[in-house]
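Here is how the chains run, residue by residue.
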Amino acid sequence: MEIFKVNTKYPEITGKNAEKFRNDLLKLETEVDGELTVDLEGIGIIGSIGISAILSTYQNLNEHGKKMSVVNACEKNLKIFEMMNMSKIITDDK
């Protein structure tokens, strides 16, 4: 299992760094063997491009028989994931 601790590279995921975040996820898609865990601990803001990148990565991994989960999302981001019907990838590791 590969764990991507987002806060080691990004304090938040907004327009200024969302493309780099998306590229990091794309790279991890090819490297991960079975499961990717995206750890959002300490990330307070995720913009629409960041959410889109997470969803796209989940779908791409799923198509190749791999799994993805998101852990340690703050309450605000959990609500966004729920509104977008993405709660199935959230694991409550708090």
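Computed from a prediction, not measured in an experiment: that's the story for all the values here.

A. View of the environment of G42. Relative to the helices and strands, G42 is located in the loop between β2 (35–39) and α2 (48–63). Assessed through its relative accessible area of 64%, G42 is described here as exposed. Sequence spacing of G42 and E12 is 30 residues, and the spatial spacing of their C-alpha atoms is 8.4 Å. Discounting residues that sit within four places of it in the chain, G42 has contacts with N7 and P11.

B. A look at the nonpolar core. Judged by nonpolar contacts, the single largest core of 26 residues is most densely connected at V6, F21, L36, L40, I54, M68 and F81. Elements with a minimum of two residues in this core: α1 (18–31), β2, α2, β3 (67–71) and α3 (75–83). Residue contributions to this core peak at 5 residues, all from α2. Here L40 is in contact with V6, I46, V70, V71, N72, A73 and F81, once residues within four sequence places are set aside.

C. Structural context of the side chain of N72. Summarising the element assignment, N72 is placed in the loop between β3 and α3. Separated by 2.9 Å, the side chains of N72 and D39 make a polar contact.

The rules behind the values
- Residues numbered from 1 in each chain as written.
- Predicted model: local features only at pLDDT ≥ 70, side-chain atom pairs only at ≥ 80, totals over all residues.
- Heavy atoms only, no water.
- Helix = DSSP H or I, 4+ residues; strand = E, 2+ residues; numbered from the N terminus.
- Buried < 20%, exposed > 50% of the residue type's maximum accessible area, 1.4 Å probe, protein only.
- Contact = heavy atoms within 4.5 Å.
- Core = buried A, V, L, I, M, F, W, Y, C linked by side-chain atoms within 4.5 Å.
- Polar contact = N/O pair within 3.5 Å; in protein donor to acceptor, adjacent residues only side chain to side chain.

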